[in-house]
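# Descriptive analysis of the structure
The primary structure of each chain is shown beneath.
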Amino acid sequence: MRLERGRRASLALTLNFVAFAFALSAVTTSYWCEGTRKVAKPFCTGPPVKVKQWFCIRFNSSNINDSRLVQYIFETGEEKFLLRKFHTGIFFSCEQAADMNGFDCRDFSEIAPEHERGVLWLCIVAETLYLTLLFMGGALMTLEQCPCFSIMNKLKLSAFAALCTALSGLCGMVAHMMFTTIFQLAVAMGPEDWRPKTWDYSWSYILAWGSFGTCMGSAVTALNRYTKTIIEFKYKRRNIEKSLMIKQKMLDLPEPMWDMYLTAVPADAEAPLELPANGHKPPTGTTYVVEMDDVPEQQGEAYC
């Protein structure tokens, strides 16, 4: 039973550490959502090159300042537009650069609608509480593994660890839902130079909800271990109380029952005493002399 409790404690601690690692990775990355933006290709700058630059538009002549020349382009229709990839997190939103090499990032609070930025700050506060409470729950579970604490102190630590972990899971769920709301509002009412053409949730968002799932699993495991230990203690205490009550009743026997213990061996017999069995009285007419100190207490209880 002690081994089983140890395994449950190790399982709860492992789930807590996994949840904390997932949550920290999700919050510090900017891949909650990703997609593409449809933008017009910019005009190419610099000297002409032999290889066609597909990410910009070049005129037929490099001398664009000469008004006597007729300038025209070869791109038509969808060829004049470019699909740039972007990815967004709680703190930053990054988009491919104009030359399609690298990403240019800016603060996500600048993209969120101005009248909805309070929801974004609440999301950040909830994520901070989520990480803090999750870390506190893991620290309490780690202290619980220390052999220097008594059983009752370990139970108290287990209860507080389960409470902190459960509260952190609730804060994480609220934070994730708030980010989903603020991102959808930014897609609908954000700045024109940011609104995406297509988008979907990315791996950071999956990590965030995976962290929430493992966090609640850790809380349930810790709480289950605490409640099971309490039930076991109550069951053992009830059994001990029942056994003590039975012994107390046996010690409070009436006087006629104590007379059966005042039996002794025959005065004129040297043979050892044949004690009565199954509660039968000794044969009448026989005198017994035995001191009570020589009769064990357990043997006397058996005669009852």
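Check the entry above for the structure.
Residues numbered from 1 in each chain as written. Predicted model: local features only at pLDDT ≥ 70, side-chain atom pairs only at ≥ 80, totals over all residues. Heavy atoms only, no water.

### Some thoughts on the environment of Met141
Along the chain, the position of Met141 falls in helix H3 (residues 117-144). Between the C-alpha atoms of Met141 and Leu13, which are 128 residues apart in sequence, the distance is 6.1 Å. For Met141, the contacting residues outside a window of four places in its chain are Ala12, Leu13, Asn16, Ala161, Thr165, Ser218 and Ala222. (Helix = DSSP H or I, 4+ residues; strand = E, 2+ residues; numbered from the N terminus. Contact = heavy atoms within 4.5 Å.)

### Here's the deal with the packing of aromatic side chains
As enumerated under the stated definition, the model contains 13 aromatic pairs in all. When the centroid spacing of 6.0 Å and the interplanar angle of 40 degrees are considered together, the rings of Phe108 and Phe179 count as tilted. Of this pair, Phe108 sits in helix H2 (residues 108-111) while Phe179 is found in helix H4 (residues 151-189), placing the two residues 71 residues apart along the sequence. We note that Phe108, like Phe179, is buried. Seen from their ring centres, Phe183 and Trp199 are 4.9 Å apart, and the 70 degrees between their planes marks the pair as edge-to-face. Here Phe183, found in helix H4, pairs with Trp199, found in strand S5 (residues 198-201); they are 16 residues apart in sequence, far enough to count as distant. On the basis of relative accessibility, which here comes to 29%, the residue Trp199 falls in the partly exposed class. These aromatic residues form a ring-pair network of at least three members: Trp32, Phe86, Phe108, Phe179, Phe183, Trp194, Trp199, Tyr201, Tyr205, Trp209 and Phe212. (Phe/Tyr/Trp six-rings, centres within 6.5 Å; stacked < 30°, edge-to-face > 60°. Buried < 20%, exposed > 50% of the residue type's maximum accessible area, 1.4 Å probe, protein only.)

### Quick notes on the nonpolar core
One finds Trp32, Phe108, Phe179, Phe183 and Trp194 to be the most contacted residues of the largest nonpolar core, which totals 19 residues. Broken down by secondary-structure element, the contributors of at least two residues to this core are H2, H3, H4 and helix H5 (203-251). When residues in this core are grouped by element, the largest group, five residues, is from H4. Dropping the residues within four chain positions of it, Trp194 is found in contact with Arg37, Phe86, Thr88, Ser93, Arg106, Ile111, Phe183, Ala186 and Val187. Formed by nine residues, the second largest nonpolar core is a distinct cluster that contains Ala12, Met141, Ala162 and Ala222. (Core = buried A, V, L, I, M, F, W, Y, C linked by side-chain atoms within 4.5 Å.)

### Here's the deal with the state of the cysteines
Each disulfide is one covalent bond, formed between the sulfur atoms of two cysteines. Inspection of the entire model under this criterion finds one disulfide. Between Cys94 and Cys105 runs a disulfide, and the two sulfur atoms are separated by 1.9 Å. Between Cys94 and Cys105, the S-S dihedral sits near 105 degrees, and the bridge is therefore right-handed. On the criterion of sequence distance, the pair formed by Cys94 in strand S3 (residues 92-96) and Cys105 in strand S4 (residues 103-107) is long-range, its members being eleven residues apart. Its relative accessible area of 47% is what places Cys105 among the partly exposed residues. The thiol sulfur of Cys215 is not disulfide-bonded, and the nearest other cysteine sulfur, from Cys171, lies at 9.5 Å. Among the residues examined, Cys215 registers a relative accessible area of 0% and is labelled buried. (Disulfide = S-S within 2.5 Å.)

### Re the side chain of Ser30
Of note, Ser30 is situated in the loop between helix H1 (2-28) and strand S1 (33-40). The class of Ser30 is buried, set by a relative accessible area of 13%. In this structure Ser30 touches His87, Thr88, Gly89, Phe92 and Cys94, once residues within four positions along its chain are discounted.

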